[in-house]
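# Descriptive structure summary
Here are the chains, one letter per residue:
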Amino acid sequence: MCGIVGYAGGKEAAPVLLKGLEKLEYRGYDSAGIAVLNDGKIEIAKAAGKLQVLRDLTHEGQTVAGLVGIGHTRWATHGEPSDVNSHPHISKSGRFAVVHNGIIENYQQLKAMLQKKGFTFLSQTDTEVIAHLVEFFYQGDMLDTMIRLTNELEGSYALGIISADEDGKFYAMRKDSPLVVGLGEGENLVASDVPSLLAHTQEVYYLNDREVVVLSADKVEIFDTNRERLEVTATHIDWDVTAAEKGGYEHFMFKEIMEQPQSLQKTISPRLQDGRIVLDDFHITADMLRNVSKIYIVACGSSYHVGVVGKYILEQSTRIPVEVDIASEFRYRDPIIDERTLMIVISQSGETADTIAAMREGKKQGARVLAIVNVLGSTIAREADDVLYTWAGPEIAVATTKAYSTQLIVVDLLALKFAELLGRMDEAELAEYYRALQALPQQLEQTLADKEKIQYWASQLYNKHSIFFIGRNLDYAVALEGSLKLKEISYIHSEAYAGGELKHGTISLIEDGTLVFTLATYQPLVEKIRSNAEEVRARGAYLVSVAVEGDEQMQEVSDVVFTVPRTLPLLQPSLTVIPLQLFAYYVASQKGCSIDQPKNLAKSVTVE
Ligand code: AGP
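Every chain is numbered independently, its residues counted from 1 as its sequence is written. A pLDDT threshold of at least 70 governs which residues receive local features in this predicted model, and a stricter bar of 80 or more applies before side-chain atom pairs are shown or counted, although totals over entire chains, interfaces and linings include all residues. Side-chain descriptors were evaluated using all non-hydrogen atoms of the structure, hydrogens and water having been removed beforehand.

### As for the sheet that holds strand β7 (residues 155-163)
Here the rule is simple: two strands pair whenever DSSP picks up at least two bridges between them. Starting at the N terminus, helices and strands are each numbered in turn, a helix being any DSSP run of H or I of at least four residues and a strand any DSSP run of E of at least two. Pairing within the open sheet is antiparallel, and its seven strands lie in the order β5-β6-β7-β8-β12-β13-β14. Each of the sheet's edge strands pairs with one partner strand only, and the pair in question is β5 (89-90) and β14 (229-230). Pairing of strand β12 (residues 212-216) with strand β13 (residues 219-223) involves five bridges; the strand directions are antiparallel. Paired with Val-212 across the bridge in β13 is Phe-223. Residue contacts follow a heavy-atom distance rule, with two residues in contact if any of their heavy atoms lie within 4.5 Å. Inter-axis angles, ranging from 0 to 180 degrees, are taken between N-to-C directions of lines fitted to C-alpha atoms, where helices are fitted over the stretch in contact. Against the sheet, helix α5 (residues 142-152) touches β6 (96-104), β7, β8 (169-175), β12 and β13, its axis set at about 15° to β8.

Here it is, written out as structure tokens:
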């Protein structure tokens, strides 16, 4: 969704803003713009389309002079993608410019009020009301104006604002939309995400809701809504600039697929200590766990698919009932929650609006919330009772791969820890799992080494119009992810089904040549899924299977088989998903799709 960058320092702001916005492209956008403050005047350049349009318009930022500025990539919510709807938006007099990420829910009331006061609107956006509102409230004190905004605006916002009356500085604040402050040397910044800051600093401050930050080249001041100055405590980010760069790969997605063995290693290593699982600061005792009557796993998209894996493995390893919910459904379905509920929220970004809302609902009703999150300091990470970070590093491609894989590992570790606490696995079994976990990165490496074979078959099958994925139990959970991966980047219609469910309706769609991916890696049910594979094959399906090495029988019933190494059943999804990620990637590549930024999609869905 929208991205924000703000800069105050010794360099020309416009090129810095363009570079910063480039690092936010992954979020998904359809227009871009900048506003630069120079000698008491604000200059704006903005345009619909990709960042390159803005680059050309401003000659790489050269034509817009000034050392302070704000920039924006817009993912349209109110009003079509167009030049006029692009941010920044300017107030009536041209003295204030605003960039905004989020949705102002009461913008129509505010707009009507402002229109009565003589303000006219150029755009269809909710953001333009903020620009006029700032001008309406401003009586010589920007801090007061910002605080006043927090009282008037309903909904979510991350804001960057410059005032022609205040040279050398800009203002920012947030509520329910991400915004990070970068603390540099002789320059200070804000951005929607850390990769935009890394070229300048690795010291950041995660802004809290309704905190107002005033930034100039050599000062960062943060105030609460009572005008009390707050301490600026820096967090050091352990990534360097290259972590968020392609490093010679054609696409971030491919780089991130290939990085998975290392990501898994980073997620596993610190948590396996002296033959025991240590879950960071998440301390839960056997007694506490015995008191848990129900576990809810709540998430969206691929994170939800990790939750589906979680349901299977947590129920198996704890015998505590687990429900897995899509966050946007959970928040409105009046779920039955009490103090004996453990809620696990899963989110790569930690900023997904529906997941945040579901988490808050759960907390309000007394659940203990454990978050599995990738982005340090994100809203979910800060509001949950406990956090387990996935340590996947920055994930830039919209289609998640390494974040999904590391989430899976954290869920595995959790299931094993719970089993240990509840005495549901003996020492020998646990030791076997620890060994298997340690071997996983190497097995994943081995799976990735088969990529040419998958690339070849993608080149043969990329022109299919509809593809089915079937599996049972954990393979069904992985089928959901394989299908989503394919849909989001290759735009091929695809559906995932539990193997036994197909014959209850959807099998009517199977005809000669229909491509069906059969996931047959969950050992306890391989025989069953093989029968389901036979059923679709008998109706003409072209069968590509994913099976574990040495499974001769899947070879017999399939047209093509991708093999993955065998591991213990609960860990198998980490390997089974790899051929599906690669297949989606190569199909999209063959079709010439925009792999890292698929159409209509945003990396972090910060609106409902
Ligand atoms: C997956 O490839 C998607 N990008 C999407 O489904 C994503 O998993 C979902 O939007 C949830 O995001 P989160 O993990 O950041 O909460």
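What follows continues from the structure just given.
### Remarks on the site of the ligand
Throughout, the term near means that a residue has one or more heavy atoms lying within 4 Å of the molecule or strand in question. Around the ligand, a shell composed of 14 residues is seen, among which Ser-303, Ser-347, Ser-349, Thr-352 and Glu-488 lie nearest. What qualifies as a polar contact is a pair of N or O atoms within 3.5 Å, subject to a donor-acceptor requirement within protein and to the restriction that residues adjacent in sequence count only when both atoms come from side chains. Between the ligand and Val-398 there is a distance of 2.7 Å, counted from a nitrogen atom to a backbone nitrogen or oxygen. In this structure, an oxygen atom belonging to the ligand sits 2.9 Å away from a main-chain N or O atom of Thr-400. Shrake-Rupley sampling with a 1.4 Å probe provides the accessible areas, and residues are treated as covered by the protein chains on show and by no other component. Contact with the protein chains covers 91% of the free accessible surface of the ligand, which is 410 Å². Mapped by element, the contributors of at least two residues to the shell around the ligand are α9 (301-318) and α16 (474-490). Residues that form the shell around the ligand fall into these classes: four nonpolar, eight polar and two charged. Residues are grouped as follows: nonpolar covers Ala, Val, Leu, Ile, Met, Phe, Trp, Tyr, Cys and Pro; charged covers Asp, Glu, Lys and Arg; every other residue, Gly included, is treated as polar.

### Section: the pairing of strand β9 (residues 180-183)
Burial along β9 is two-sided: Val-180 and Gly-182 and Val-181 and Leu-183, pointing in opposite directions, are all buried. Judged from the four bridges that link them, β9 and strand β10 (residues 187-191) form a sheet pairing that is antiparallel. Note that in β10 the partner of Gly-182 across the bridge is Leu-189. Relative to strand β11 (residues 203-206), β9 runs antiparallel, the two sharing three bridges. Its bridge partner being in β11, Val-180 is matched across the sheet by Tyr-206. Each residue's exposure class comes from its accessible area (1.4 Å probe, protein chains only) as a fraction of the maximum for that residue type: buried when under 20%, exposed when over 50%, partly exposed otherwise.

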